Amino acid sequence: MTGARVLVVDDNRDMARGIAMLLEDAGLGARVAHSAKAALDLLEEQPFDLLLSDVRMPAMSGAALLDEVHARWPATKVVLITAYGTIDAAVAAMRAGASDYLTKPFDNGALLAVVRRVLGGAEGDDRAGVAAVVGQLAAGSAGDGLLSALERGLEVLVSAAGADDGEIFLCEPETGDPLLCVWTGPHGDALRERTRFTRGLGFPGIVAAAGEPLCVRGGLARDPRYLRRPVVEAGVRSLVAAPLRDGHGVVGTMQVMSRRDDFPVERVLDLLQRAAVPLANAVRAELGALRQSVDTQCAKTDDWGHKAREILESLRDAAGAQSGSLAFLDPASGRLATVVSTGPTSLICGRAESGDWAGCLAASARGFVASPGRRDWPAPCRQGLPRRLVSPCCLPLVAEGRLQGLAVLDLGREGAHSGRLVSLLSMAHQVAVWRQATTAAPPAAPADGARVSGGASPPELELRCFGPFTILRRGQRVPGESFTRSKALTLLKLLARRPGAPLHRDVLMEHLWPEVDPRQGANRLHGVVHDLRAVIEPDRGKRGWAYVRNQGEDYYLDADGKIEVDVVRFRALAGARPRGDPSALVAHLEQLVALYRGDLFEDEPFAEWCVADRDALRDTYVDALVTLAGLYASRERAEQRLSCLRKALVASPFREDLLRELLEALARRGRSGEALALYGEYQRRLEAELGDAPSSELRALRARLLATNARERTSS
């Protein structure tokens, strides 16, 4: 691959320049073009081995450029980059001659992997076969529901990979934990033995948290990260796991398994990564449709007593349940208030009715489904759920870490299907969003720390800068397609980074169009500001700008208007920690970390203008998690402490002090196997990304963990 010539085509100059720099660091020759016409002119001058092109560009799209290059320079391979990674786009690109495609946002490793694969010819003659598989997935996704589509897609993948078994996990909306959704193959009983993984643990949890694939060829039994002994005992030797990822993030994971030691993991991983986009889009579309159905119901009336029954009927129909109950918390006391049921009596357990949330899965934002018979029910539920239930499904109504209520459904003698749980939880989550936005003052927190909130009506305009940039108007998302100019979103991000701080016109032009003549840049800026105001300003006809304001050539986002920006709230909380009262500090830090949905402007991975702020905010978040973990330790809240340490390591993966603290905490709770799995993942990542090895202190800790694990196995 070294020395190959690559042409990067993107009208976003920051993006194009960032990709080119990455390719040059990898030993490639890279040139940049900011339009399809400029790319064709460069191709006339010199040959290129690979063309990386954005799909959405003015005048001539990336798809049209692909056709032109394919006709005139057939030896030049083309990879398309798009933020709109739909099934149709993926299939069309492959069939039109593209060697591969990427969806934004992507990380550096994913881009380089695609470039290496294409330039190395790894896909070669397999491209048509892969395109056919992707086409089958596209055709199968138009079936009768999400589970059916995923089952058909999984069967196609298992067959194409020559594997024995396959499974797909989807991530729970609030916790991100992967839940087993569909599976196929002769070892289904072994796969179903464990249907949930904590984010960061086990292959599904590791892949979901890191967004990176995992492969094992032979010797799966020797890998401490794989936490499913029945599958290994059934003879499975090799495994390939890949994230289900689209332009908005990871929605789940998929695994295919084989009893062969010589399973072709590289070829299979290539297949899974290409299939991930259509499958992830099918998941995102279906869950979005379910949330939209909740929006329709919740918007009909402000009377929660009336709409509660309609919501419960929708949940019952979606689950195929016999009966159910739905309860909302009173926003003043935090106790159950409104309760509706479809059967003769309430299915809400006595502990929830009394406000005793200790050990409750709903209070920790986790849903569950249980098989008929009380033996398999979680211990707290065996003590509290009514005996008339046959097979309960409990759905917490949680939004942003705050419990708003819960629904309990009875799935009857046929028992539970864990695959339905993510769909039901997505609906429940959307109910909680509406409940939180339309109820009154926040009540006290339940005993185990789950927070209950109401809050006033949603703000006129809300900007969420953590994670992918999101605009909400009165609680409803404003889609990016509302803007006719893509730079309008970038301008809003620049202003939202520090609301109230003015940015001069020249600074904005340098960020938006660094190589454009100042006069031309000023005209473009005027048009972009107009487009931005046309979408977000409430009084556009009166030209009374409430949000995007200017004084001469200085532009700023009015921080005093009716607008909420999560970064502003985050910085305010970080600078005002309460002193003295540990309980107040815990509540304060829980609010702080709940705001952090991901790195600042996660959808701008190459934007240099936000790097310093992004790093500083991430450090603040990690510091808050570490402090919170210490407070949880002093209050004997072990699981919450472990969760904080895991989140801190995801944000700062090479902090050895955090890893040591987490490993020691796991060992003290008799979970040395999990600790060893985390150590192995850290070691592999450290070697792969930094070319380094764990310290002698950490290696000594691993030796102690191995001895402890041997004793635990002997005693069990």
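These figures come from a predicted structure and were not determined experimentally. (Residues numbered from 1 in each chain as written. Predicted model: local features only at pLDDT ≥ 70, side-chain atom pairs only at ≥ 80, totals over all residues. Heavy atoms only, no water.)

**Q** I'm lost on the packing of aromatic side chains in this one. Help?
**A** Two aromatic rings are characterised by how far apart their centres lie and by the angle between their planes. Taken as a whole and assessed by the stated rule, the structure comprises 8 aromatic pairs. Each ring, one from Phe169 and one from Phe197, has its centre 5.8 Å from the other, and the planes form 70°; the classification is edge-to-face. Of the two residues, Phe169 is situated in strand S6 (residues 165-171) and Phe197 in the loop between helix H8 (188-191) and helix H9 (202-210); the sequence distance between them amounts to 28 residues. Here Phe169 falls in the buried class, since its relative accessible area comes to 0%. The interplanar angle of 55° and the centroid separation of 5.6 Å between the aromatic rings of Phe601 and Trp609 together place this pair among those described as tilted. Exposure remark for Phe601: the relative accessible area of 0% places this residue in the buried category. (Phe/Tyr/Trp six-rings, centres within 6.5 Å; stacked < 30°, edge-to-face > 60°. Helix = DSSP H or I, 4+ residues; strand = E, 2+ residues; numbered from the N terminus. Buried < 20%, exposed > 50% of the residue type's maximum accessible area, 1.4 Å probe, protein only.)

**Q** What's the story with the pairing of strand S17 (residues 470-473) in this structure? I'm lost.
**A** The side chains of a regular strand alternate, first on one face of the sheet and then on the other. Direction of pairing for strand S16 (residues 461-464) relative to S17: antiparallel, over a ladder of 3 bridges. Across the sheet, the residue bridging to Arg464 is Thr470, located in S17. Examined bridge by bridge, S17 and strand S18 (residues 476-477) share 2 bridges and lie antiparallel to one another. Bridge pairing links Leu472 to Arg477 in S18. Hairpin connection between S17 and S18: a loop of 2 residues separates the two successive antiparallel strands, and Arg474 in this loop has a positive phi of roughly 50°. (Pairing = 2+ DSSP bridges.)

**Q** Looking at this structure, I do not really get the packing of helix H19 (residues 566-574) against helix H20 (residues 582-595). What am I missing?
**A** The relative placement of two packed helices comes down to the angle between their axes together with the axis-to-axis distance. Running from amino to carboxyl end, H19 crosses H20 at an angle of 150°, the nearest separation of the two axes being 9 Å. Judged by the inter-axis angle, H19 sits roughly antiparallel to H20. Note that H19 runs across H20; the crossing there is left-handed. Together, Asp566, Arg569, Phe570, Leu573 and Ala574 of H19 and His588, Gln591, Leu592 and Leu595 of H20 make up the contact between the two elements. Across the contact of H19 with H20, the residue classes tally to 5 nonpolar, 2 polar and 2 charged. (Axes fitted to C-alpha atoms, helices over the stretch in contact; angles between N-to-C directions. Parallel < 35°, antiparallel > 145°, perpendicular 65-115°, else oblique. Left-handed = near helix turned anticlockwise from the far one by under 90°. Contact = heavy atoms within 4.5 Å. Nonpolar A, V, L, I, M, F, W, Y, C, P; charged D, E, K, R; others polar.)

**Q** Can you help me understand the pattern of salt bridges in this one?
**A** Side chains that differ in charge, positive against negative, can pair when their charged atoms come close. With the rule as written, the count across this model stands at 37 salt bridges. The salt bridge involving Glu68 is made with Arg72; its shortest N-O contact spans 3.1 Å. Highlighted residues: Glu68 and Arg72, both in helix H3 (residues 62-72), separated by 4 residues, approximately one helical turn. Each member of the salt-bridge network shares a partner with another, and the members are Glu639, Arg646, Arg669, Arg671 and Glu674. (Salt bridge = Lys/Arg side-chain N within 4 Å of Asp/Glu carboxyl O.)

**Q** Would you mind going over unusual backbone geometry with me for this structure?
**A** What you tend to see is this: most non-glycine residues have negative phi, and most peptide bonds are trans. At Ala59, a position not held by glycine, the phi torsion is positive, near 70°. Relative to the assigned elements, Ala59 resides in the loop between strand S3 (50-54) and H3. Even without glycine at this site, Phe601 takes up a positive phi of about 45°. With respect to the helices and strands, Phe601 occurs in the loop between H20 and helix H21 (611-634).

**Q** I would appreciate a short explanation of the side chain of Ser672 in the present structure.
**A** Take Ser672: it is sitting in helix H24 (residues 672-690). In this structure Ser672 comes out as buried when scored by relative accessible area, which is 0%. Sequence-distant contacts of Ser672, defined by excluding residues within four places in its chain, comprise Leu666, Leu705, Thr708, Asn709 and Glu712.

**Q** I would appreciate a short explanation of the sheet that holds strand S19 (residues 503-504) in the present structure.
**A** Two orientations exist for strands paired in a sheet by backbone hydrogen bonds: parallel and antiparallel. Spatial ordering of the open sheet is given by S19-S21-S20, a layout of 3 strands whose pairing is antiparallel. The sheet terminates laterally at S19 and strand S20 (548-551), the two strands that pair on one side only. One ladder, built from 4 bridges, connects S20 with strand S21 (residues 554-557); its direction is antiparallel. Each bridged residue has a counterpart across the sheet, and for Gln551 the counterpart in S21 is Asp554. With respect to the sheet, helix H16 (residues 486-496) is in contact with S19, S20 and S21, its orientation differing from that of S21 by roughly 80°. The strands touched by helix H18 (residues 518-536) within the sheet are S20 and S21, with S20 carrying the most contacts at an inclination of about 140°.

**Q** What's the story with the nonpolar core in this structure? I'm lost.
**A** Note that soluble globular proteins tend to have their nonpolar side chains buried in a common cluster. Core analysis: the biggest nonpolar cluster contains 79 residues, and Leu463, Ile536, Leu557 and Leu663 have the highest contact counts within it. No other element matches the 9 residues that H21 contributes to this core. Within the second largest apolar cluster, 59 residues are counted, among which are Ala242, Leu315, Leu326 and Ala407. (Core = buried A, V, L, I, M, F, W, Y, C linked by side-chain atoms within 4.5 Å.)

**Q** Just to check I follow, could you spell out the sheet that holds strand S4 (residues 77-82) for this structure?
**A** Spatially, 5 strands are ordered S2-S1-S3-S4-S5 in an open sheet, and the strand pairing comes out parallel. With one partner strand each, in any of the chains shown, strand S2 (29-33) and strand S5 (100-103) form the two edges of the open sheet. Direction aside, the axes of adjacent strands within the sheet are offset by 20° on average. Where strand S1 (residues 5-9) and S3 come together, 4 bridges link them in parallel fashion. Pairing of Val9 across the sheet is with Ser53, part of S3.

**Q** Where do I start with the environment of Ala559 in this structure?
**A** Mapping Ala559 onto the fold places it in the loop between S21 and strand S22 (563-565). Sequence separation of Ala559 and Tyr547 is 12 residues, and the distance between their C-alpha atoms is 7.8 Å. What Ala559 contacts, discounting residues up to four positions off in sequence, is Pro499 and Gly500.

**Q** Quick question: what am I supposed to make of the side chain of Arg497 here?
**A** By the element assignment, Arg497 lies in the loop between H16 and S19. Among residues more than four places away in sequence, those in contact with Arg497 are Val567, Arg571, Phe601, Trp609, Cys610 and Asp613.

**Q** For this particular structure, what's the right way to read helix H1 (residues 13-25)?
**A** Given 3.6 residues per helical turn, the α-helix brings residues three or four places apart onto the same face. Under the 1.5 Å per step criterion, the end-to-end length of H1 is 18 Å for 13 residues, consistent within 8% with the ideal 18 Å. Along H1, the residues classified as buried are Arg13, Asp14, Met15, Ala16, Gly18, Ile19, Ala20, Leu22 and Leu23. For H1, the N-terminal cap is Asn12; the gap from its side-chain oxygen to the backbone nitrogen of Asp14 is 3.1 Å. (Expected span 1.5 Å × (residues − 1). Polar contact = N/O pair within 3.5 Å; in protein donor to acceptor, adjacent residues only side chain to side chain.)

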